[in-house]
Amino acid sequence: MDIVGPAQFVVLGVKTQIFSILIPVVAIALFAYIISKRMVPLRKAAKDERWDRFGERAAKVWSLWLLQIKQPRYMLAGVLHMAIFFGFLVLLLRSLGLVFIGFQENFHWPFLVGPLETWYNIAKDYAATIVLIACVIAGIRRGIVKPPRYAVPSQYGKDHTGEAVFVLAIISVLMISESLFEASAFAAGAGNGHFAAPLTLVAIFTAMLQGSSAGTLQAIHILSYYVHDLVFFFFLCFLPFGKHFHVLTSLFNVLFMRLEKGNIKPVRYGLAGEDLDQLDSFGIKKVEDFTWKHMLDFYSCADCGRCSDQCPANAVKRPLSPRFISIKARDLLFKSYPVWGAPQEASALIGGIYSEDEIWSCTTCGACEEECPLAIEYIDKIVDLRRGLVDEGMVPQSLQKPLSALEKRGNPYGKTAKQRGKWIEDEAFAQAVPVKLLKQGDTVASLFFVDSVGSYDDRIIEINRKAAHLMHHLGKDFGILGEQEKDAGNEIRRFGEEMLFQEIKEHNTEAILEADPQEVITTDPHAFNALKHDYTGLPPVKHISQLLVEGLDQGKFSLRPLEESGKVYTYHDPCYLGRHNLLYDEPRRILDAIPGMKRVEMEKHKDRSFCCSGGGLALFYEPEEETRMGVVRVNMARAAGADVLVTACPFCLINMEDAVKIAGLENELKIVDLTELFAGQVELVQDGDRV
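Computed from a predicted model, the values in this text were never measured in an experiment. (Residues numbered from 1 in each chain as written. Predicted model: local features only at pLDDT ≥ 70, side-chain atom pairs only at ≥ 80, totals over all residues. Heavy atoms only, no water.)

Some points on the domain arrangement of the protein
Stage number 1. Here the domain parsing of the protein yields domain 1 (10–241), domain 2 (279–394), domain 3 (412–553) and domain 4 (569–681).
Stage number 2. When each unit is reduced to the centre of its C-alpha atoms, the spacing between domain 1 and domain 2 is 31 Å.
Stage number 3. Where domain 1 abuts domain 2, roughly 3100 Å² becomes buried across the two surfaces, and 55% of that area is made up of carbon and sulfur atoms.
Stage number 4. Here domain 1 and domain 2 share two salt bridges between them.
Stage number 5. Seen at the junction of domain 1 and domain 2, the total is 20 residue pairs in polar contact (both at pLDDT 80 or more).
Stage number 6. Those elements giving two or more residues to the side of domain 1 that touches domain 2 turn out to be helix 1 (17–38), helix 2 (40–44) and helix 4 (75–101).
Stage number 7. A per-class count over the side of domain 1 that touches domain 2 returns 20 nonpolar, three polar and nine charged. (Domains from an automatic or database assignment. Buried area = accessible area lost by both parts, 1.4 Å probe. Salt bridge = Lys/Arg side-chain N within 4 Å of Asp/Glu carboxyl O. Polar contact = N/O pair within 3.5 Å; in protein donor to acceptor, adjacent residues only side chain to side chain. Helix = DSSP H or I, 4+ residues; strand = E, 2+ residues; numbered from the N terminus. Nonpolar A, V, L, I, M, F, W, Y, C, P; charged D, E, K, R; others polar.)

In structure tokens, the structure reads:
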């Protein structure tokens, strides 16, 4: 039997081809208008420099956007998303082709001919079937199972389950209508040489429609076409009104993603640190102060909750959930720059959509950014918001004293600069290790940047002495700046005190360059990060773990077996060594080189490591929280079966030693530093002594 396609069908004397033309023309014009309105705030936003390194950016688009490499980190949700995403990619040609079929009978793409066309038709039939199955499973998860990470606490606004299920229903309608359109043609014998792929929606519908009258098949053929056409263009115009805007923006968000780790955006792009005094205002105070890329982040948030699920601040019930940093800002942009009507004055950010405690609760650990499959950035936004708070004098009481001490004395403890080098004066240590205390004009091959915690905290001083022993054993010509050194400023910058950071950076840079070292070595990941990423013009900066791995590779260490061979060890990845600088393997290589080492991994390790919350000035901050992050972390170590938790950061060490006491685990879990553990196993073959 013959059935007529939408390009030739006539209803009530009117050719439906007219509707086939009107629907896309009106929809595309409407879509262009909607997008132009959504771009208004981006044109008013602050400058952002993202127009470089397009080779790397293309590679990120390939891996993050196209291959979806981060999706399987949440396996079920990730596989469902990938099924829908790849299905859409396969069906894109078919959906666009259907639009043209409404104008031209028997339209087909000129590059899809012969066997290629056959294989594509098979692929798109299976894609439609898989997408429908994925939508049904995802709909059950979102609408019935409701995983906790999708929940929206009342203080953050309305639940988004309805929108998610609605969109899954739209996609399902597209899959069913496209398959019915094809199946009705097959059932009528008008397959044009094509066939229904087995076990697909098309095959099922074709079997169901066998024996139907010509009138029934004709009606299904035309109705399914226009249902698909209307729903397709409705979906296109609906996307910019909610969390599914990411369908359109995610490719561009990944393309313009932040390529560097560990660094912080400048206060103003194009303005050097020494010129900051020209600014009348610092940081972000209104929504237009965000950069255009950060607004694109807001549009691109898929509301998947992965960032908040991995956020340690959220885990201990601090008033911060990274997901809602994006969602609340997106809602504000939608409200302030509506599609229908004139722009409205945006409400305040702090005291409006964000609270002060919310912004100060972030530890800048980077777990949220590491987890996000769409490369949404949070740390730069939070730091910029803090800059605005500092500019307005809105600094938490507990941070005012250490920040004042940093300004006056270059360290958060308020100690004198002369005390910085005192730790090398211990008589026994001084006889064993000749550490140079550099005076003005002195030079050295390797500069040991001790930083504040290593200069003033007795527990960390002992670790630095062990590090000095190891550097001496490696034959390093090294020294320290002593009173010429100030705090590296990693947390000063990340807590929003940009002007103070610039002053300290300038001072330290001058002192380091005057010593003319070939390398800078530190035991503190926070100092390592600041010197490596926030400073410019310095020689290579190394963490002690990198130095020890070099020594191992060169065969310079002879290691004794562990005395307590039955102990089980685990390694905690410090945020500023791991996520921010990708030093995951070096510390583990050091541990595994020790004879008798039995090591296990905690549930959260490497790029999913759980922040101890003790970084830098966070030791002084007093947040609202149900449980200390350090307590959560030491309990993870015990759950993994560890007797000893090893870390490579002084702040992690201090915080988790306190956490062990709070958790009542003093007799069950010991906290040690990587450097002191390794040094205790080294035979100093140079002089016959032992560290």
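Section: empty space enclosed by the protein
Here the idea is plain: a probe the size of a water molecule rolls over the atoms and shows the empty space left.
Stage number 1. Under the criterion given, the structure shown has eight cavities of 30 Å³ or more.
Stage number 2. Each pocket or cavity is described by its volume, and for the largest cavity that value is around 200 Å³.
Stage number 3. In terms of lining, the largest cavity is formed by 24 residues, of which the most central are Thr363, His526, Tyr576, Cys611 and Gly615.
Stage number 4. Split by residue class, the lining of the largest cavity holds 14 nonpolar, seven polar and three charged. (1 Å grid on protein atoms, 1.4 Å probe; cavity = no way out; pocket = protein on both sides within 12 Å on 5 of 7 lines; lining within 4 Å. Points joined across faces, edges and corners; volume = space filled by probe spheres on them.)

Focus on the packing of aromatic side chains
Stage number 1. Evaluated as defined, the whole model comprises 31 aromatic pairs.
Stage number 2. Judged by centre distance (4.9 Å) and plane angle (90 degrees), the rings of Tyr225 and Tyr226 are edge-to-face.
Stage number 3. On the basis of relative accessibility, which here comes to 2%, the residue Tyr225 falls in the buried class.
Stage number 4. Given the relative accessible area of 11%, Tyr226 is considered buried.
Stage number 5. The interplanar angle of 90 degrees and the centroid separation of 4.9 Å between the aromatic rings of Phe557 and Phe678 together place this pair among those described as edge-to-face. (Phe/Tyr/Trp six-rings, centres within 6.5 Å; stacked < 30°, edge-to-face > 60°. Buried < 20%, exposed > 50% of the residue type's maximum accessible area, 1.4 Å probe, protein only.)

Thoughts on the environment of Lys422
Stage number 1. Mapped onto the elements of the fold, Lys422 is located in the loop between helix 17 (397–409) and helix 18 (427–432).
Stage number 2. In this structure Lys422 comes out as partly exposed when scored by relative accessible area, which is 46%.
Stage number 3. When the C-alpha atoms of Lys422 and Gly641 are compared, they prove to be 40 Å apart, with 219 residues separating the residues in sequence.

Focus on helix 25 (residues 585–592)
Stage number 1. All of the buried residues in helix 25 are Pro587, Arg588, Ile590 and Leu591. Buried residues of helix 25, viewed axially, fall in a sector of 155 degrees; they line one side.
Stage number 2. Where helix 25 is buried, its residues touch helix 24 (544–553), strand 9 (569–571), strand 10 (599–600), strand 11 (644–647) and helix 28 (674–679). (Arc of directions from axis to C-beta. Contact = heavy atoms within 4.5 Å.)

Brief notes about the nonpolar core
Stage number 1. By size, the foremost hydrophobic cluster in this structure holds 150 residues, and its most contacted members are Phe290, Leu349, Tyr354, Val646, Leu677 and Phe678.
Stage number 2. If we ignore the near neighbours within four places in the chain, the residues touching Phe678 are Leu470, Leu548, Leu552, Phe557, Leu559, Ile590 and Ile594.
Stage number 3. Counting 46 residues, the second-largest nonpolar core is a separate cluster that includes Phe107, Ala183, Phe232 and Leu239. (Core = buried A, V, L, I, M, F, W, Y, C linked by side-chain atoms within 4.5 Å.)

Points about the sheet that holds strand 10
Stage number 1. The four strands are arranged 10-9-11-12 in an open sheet whose pairing can be described as parallel. One side of each edge strand has no neighbouring strand; the edge strands of this open sheet are strand 10 and strand 12 (670–673).
Stage number 2. As paired elements, strand 9 and strand 10 share two bridges and run parallel to each other. Residue pairing in the sheet places Tyr569 in a bridge with Arg599 of strand 10.
Stage number 3. On top of the sheet, helix 27 (residues 650–662) reaches strand 11 and strand 12; it is set at about 170 degrees to strand 12, its chief contact. (Pairing = 2+ DSSP bridges. Axes fitted to C-alpha atoms, helices over the stretch in contact; angles between N-to-C directions.)

Thoughts on the packing of helix 10 (residues 292–300) against helix 13 (residues 322–336)
Stage number 1. Following both chains from N to C, one finds helix 10 and helix 13 inclined at 100 degrees, their axes separated by 8 Å at the closest point. Here helix 10 is positioned roughly perpendicular relative to helix 13, judged by the angle of their axes. The residues of helix 13 that touch helix 10, namely those facing Met295, Phe298 and Tyr299, are Ile325, Ser326, Ala329, Arg330, Leu333 and Phe334.
Stage number 2. For the contact of helix 10 with helix 13, a count of residues per class yields seven nonpolar, one polar and one charged. (Parallel < 35°, antiparallel > 145°, perpendicular 65-115°, else oblique.)

With respect to the sheet that holds strand 6 (residues 519–522)
Stage number 1. An order of 3-5-4-6-7 is seen for the five strands of this open sheet, with the pairing classed as parallel. Edge positions in the sheet fall to strand 3 (436–437) and strand 7 (541–543), since each has one partner strand and no second.
Stage number 2. Pairing of strand 6 with strand 7, which is carried by three bridges, proceeds in the parallel orientation. Residue pairing across strands places Ile521 opposite Lys542, the latter belonging to strand 7.

Let's talk about a nonpolar patch on the surface
Stage number 1. Taken together, Val11, Leu12, Val14, Ile18, Phe19, Leu22 and Val26 make up a surface patch of nonpolar side chains, about 650 Å² in accessible area.
Stage number 2. Looking at which element gives the most residues to the nonpolar patch, the answer is helix 1, with four residues.
Stage number 3. Among the secondary structure elements, Val11 is positioned in strand 1 (residues 10–11). (Patch = residues over 30% accessible without salt bridge, like charges linked within 9 Å, V, L, I, M, F, W, Y side chains within 5 Å. Areas by Shrake-Rupley, 256 points an atom, 1.4 Å probe, with all protein chains shown as cover.)

A look at the side chain of Ser184
Stage number 1. Inspection of the secondary structure puts Ser184 in helix 6 (residues 161–187).
Stage number 2. Among the polar contacts listed, one links the side chain of Ser184 to the side chain of His221, at a separation of 2.9 Å.
Stage number 3. Ser184 has contacts with Ile3, Leu209, Leu217, Ile220 and His221, leaving out every residue within four places of it along the chain.

Brief notes about the side chain of Ser326
Stage number 1. Inspection of the secondary structure assignment puts Ser326 in helix 13.
Stage number 2. Residue Ser326 is classed as buried on the basis of its relative accessible area of 0%.
Stage number 3. Setting aside anything within four residues of it in sequence, one finds Ser326 in contact with Phe298, Cys301, Ile376 and Tyr378.

Some remarks on a negative patch on the surface
Stage number 1. The grouping of Glu274, Glu407, Glu503, Glu506 and Glu510 at the surface amounts to a negative patch.
Stage number 2. Looking at where Glu407 falls in the secondary structure, it is placed in helix 17. (Lys, Arg positive; Asp, Glu negative; His and termini not counted. Charge placed at Lys NZ, Arg CZ, Asp CG, Glu CD.)

Some remarks on the pattern of salt bridges
Stage number 1. One pass over the full model with this rule turns up 48 salt bridges.
Stage number 2. Among the salt bridges present, the one from Arg94 reaches Glu182, with a minimum N-O distance of 2.8 Å. Residue Arg94 is found in helix 4, and its partner Glu182 is found in helix 6; the two are separated by 88 residues along the sequence.
Stage number 3. Relative accessible area serves as the criterion here: at 11%, Glu182 is assigned to the buried category.
Stage number 4. Here Arg494 makes a salt bridge to Asp534, at a shortest N to O gap of 2.8 Å. Within this pair, whereas Arg494 is found in helix 21 (residues 490–494), its partner Asp534 is found in helix 23 (residues 525–534), the two being separated by 40 residues in sequence. For the residue pair Arg494 and Asp534, the accessibility class agrees, reading buried in each case.
Stage number 5. Via salt bridges that share partners, Lys265, Asp384, Arg387, Arg493, Arg494, Glu498 and Asp534 belong to a single interconnected network.

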